[in-house]
Amino acid sequence: MRYKKAVFIMILLQPFYLLCLYCLVFFGQIFYMYIEYPQYTHQKQKTAQTHNVDIVIIGNSRAKSGFIPNEIKDSSSINLGVGGSSPIIGFYTLKRYLENNKPPKVVVLSYSADFLIDPAEYFWQGGVKTKFLDFNEIFSVLEKARELKDCMPFEKSGGGCEKIDVYKYFLDLRNFGEELTTINITLRRYRTNKQILIELDESKGHFYYGREKAANGNFSEVSLKDFSVSPLVSYYLHEIASLAKQHGIIVAMYAMPINIHSFQHLNPRFLQNYNNFYDTLQTQYGIVALNKLYAMPNEAFGDHSHLYAGAKEVTWDIYDRLRKRKLI
């Protein structure tokens, strides 16, 4: 009898437990999500504030680690790069920034090649999960993907291109399972995320990922056999350039370096077509190419994707290239 009563109570309480879990998923992200959450949260907060800087950096995690605003004293700048982002997030970042700030002199874009080929890989993990994009913005992106027949990557990465797919994604707790396993009574994830938010605030958006003395592993470019820009990425690059032009802003693009080990193992076809992309940036999008993909010593990197010891050198390289072209 007691056993049956206990089972009955457990069944009765299941909806309550499920409701509590969904509340945690939707409103308690700081307790369980990884470093992308404080980055997207910080970026959303900063684009809603007034800064009025000369240089705005927008890109993915390589841009986040590669440009140090506090290093440059002659011009004001802010790093609005964020891990796992593509020009989709870049467009909404710039749009929100301009709603609350005077136009900067220049916007510098910096994305690794894989996020130009496939912008959907971290779309759900970053822009959707962290609630950086609101529902109307998500629907707009997916509608454009349908229009351009570029839906397959979104389906492969866990969602789809229909409105119902967005709701399904949020309702499927398996999409949040990996992060939820980090919750523990020490609240370690909460404290880590709070500390990252403080660090981002003090650094004007700059953030180091790996902090090792050298990185010998392969960068993602090594696995790429060819390069072609996703139709959706091409659309949002045009949108960024168009929005910038409306406000009298120059848009430039900088290719962050990879380590020598990786550069020596690049597929020649990929490298040729990737370089061609930078050659045609000006004519295709009205975007100034500041450089092309290049290598730095392994000691410049803290892991196989991000700068650490070499970040200051790259920061000054970007600044000097902007000055030489009289963009600032």
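Below: a short report on this structure.

Parameters at a glance
Residues numbered from 1 in each chain as written. Predicted model: local features only at pLDDT ≥ 70, side-chain atom pairs only at ≥ 80, totals over all residues. Heavy atoms only, no water. Helix = DSSP H or I, 4+ residues; strand = E, 2+ residues; numbered from the N terminus. Rg over C-alpha atoms; globule rule 2.2 N^0.38 Å. Buried < 20%, exposed > 50% of the residue type's maximum accessible area, 1.4 Å probe, protein only. Contact = heavy atoms within 4.5 Å. Areas by Shrake-Rupley, 256 points an atom, 1.4 Å probe, with all protein chains shown as cover. Salt bridge = Lys/Arg side-chain N within 4 Å of Asp/Glu carboxyl O. Core = buried A, V, L, I, M, F, W, Y, C linked by side-chain atoms within 4.5 Å. Axes fitted to C-alpha atoms, helices over the stretch in contact; angles between N-to-C directions. Parallel < 35°, antiparallel > 145°, perpendicular 65-115°, else oblique. Left-handed = near helix turned anticlockwise from the far one by under 90°. Nonpolar A, V, L, I, M, F, W, Y, C, P; charged D, E, K, R; others polar. Disulfide = S-S within 2.5 Å. Pairing = 2+ DSSP bridges.

1. So, the overall build of the protein chain
When helices and strands are counted, the protein chain shows 16 helices and seven strands. In terms of overall dimensions, the protein chain is globule-like: its C-alpha atoms have a radius of gyration of 21 Å, near the 20 Å expected for 328 residues. Oriented by its inertia axes, the alpha-carbon framework of the protein chain measures out at about 85 × 45 × 45 Å. Out of the 328 residues belonging to the protein chain, those deemed buried represent 52%. Here the contacts in the protein chain between residues at least 6 apart in sequence split such that 81% fall between residues at least 24 apart. Working note: accessible area of the protein chain is about 15,800 Å², and carbon and sulfur atoms make up 55% of it.

2. Some details on the pattern of salt bridges
Counted according to the given criterion, the structure contains eleven salt bridges. In this structure, the salt-bridge partner of lysine 46 is aspartate 201, at a minimum N-O distance of 2.7 Å. In this pair, lysine 46 is assigned in helix H2 (residues 36-47) and aspartate 201 in helix H11 (residues 188-202), connecting sequence segments 155 residues apart. For lysine 46, a relative accessible area of 14% gives the class buried.

3. What about the nonpolar core?
By size, the foremost hydrophobic cluster in this structure holds 94 residues, and its most contacted members are Leu109, Phe123, Phe154 and Phe277. It is helix H12 (residues 231-246) that provides the largest number of residues to this core, a total of eight residues.

4. Digging into the packing of helix H7 (residues 135-147) against H12
Helix-helix packing: each pair is described by the crossing angle between the helix axes and the interaxial distance. Packing of H7 against H12 brings their axes to within 9 Å, and their N-to-C directions diverge by 120°. Classified by the angle between their axes, H7 and H12 sit oblique to one another. With respect to the hand of their crossing, H7 and H12 are arranged in right-handed fashion. Every residue of H12 that contacts H7 at Ser140, Val141, Lys144 and Ala145 is listed here: Leu232, Tyr235 and Tyr236. When its residues are assigned to classes, the contact of H7 with H12 shows five nonpolar, one polar and one charged.

5. Describing the state of the cysteines
With the rule as written, the count across this model stands at one disulfide. Paired by a disulfide, cysteine 151 and cysteine 161 hold their sulfur atoms 2.1 Å apart. On the sign convention where negative is left-handed, the bridge of cysteine 151 and cysteine 161, at about -115° about the S-S bond, is left-handed. You can see cysteine 151 sitting in the loop between H7 and helix H8 (152-156) and its partner cysteine 161 sitting in the loop between H8 and helix H9 (163-171), a full ten residues away along the chain. Exposure class is identical for cysteine 151 and cysteine 161. Each is buried.

6. Side note on unusual backbone geometry
Even without being glycine, asparagine 52 reaches a positive phi, approximately 55°. Tracing the chain through its elements places asparagine 52 in the loop between H2 and strand E1 (55-59).

7. Section: the sheet that holds strand E3 (residues 106-110)
Read across the sheet, five strands follow the order E2-E1-E3-E4-E6 without closing on themselves; strand pairing throughout is parallel. With one partner strand each, in any of the chains shown, strand E2 (77-79) and strand E6 (288-289) form the two edges of the open sheet. Where E3 and strand E4 (residues 250-253) come together, four bridges link them in parallel fashion. Bridge assignment links leucine 109 to a residue of E4, and that residue is methionine 253. In the packing of helix H4 (residues 87-100) onto the sheet, contacts are made with E1, E2 and E3, and the angle to E1 comes to roughly 150°.

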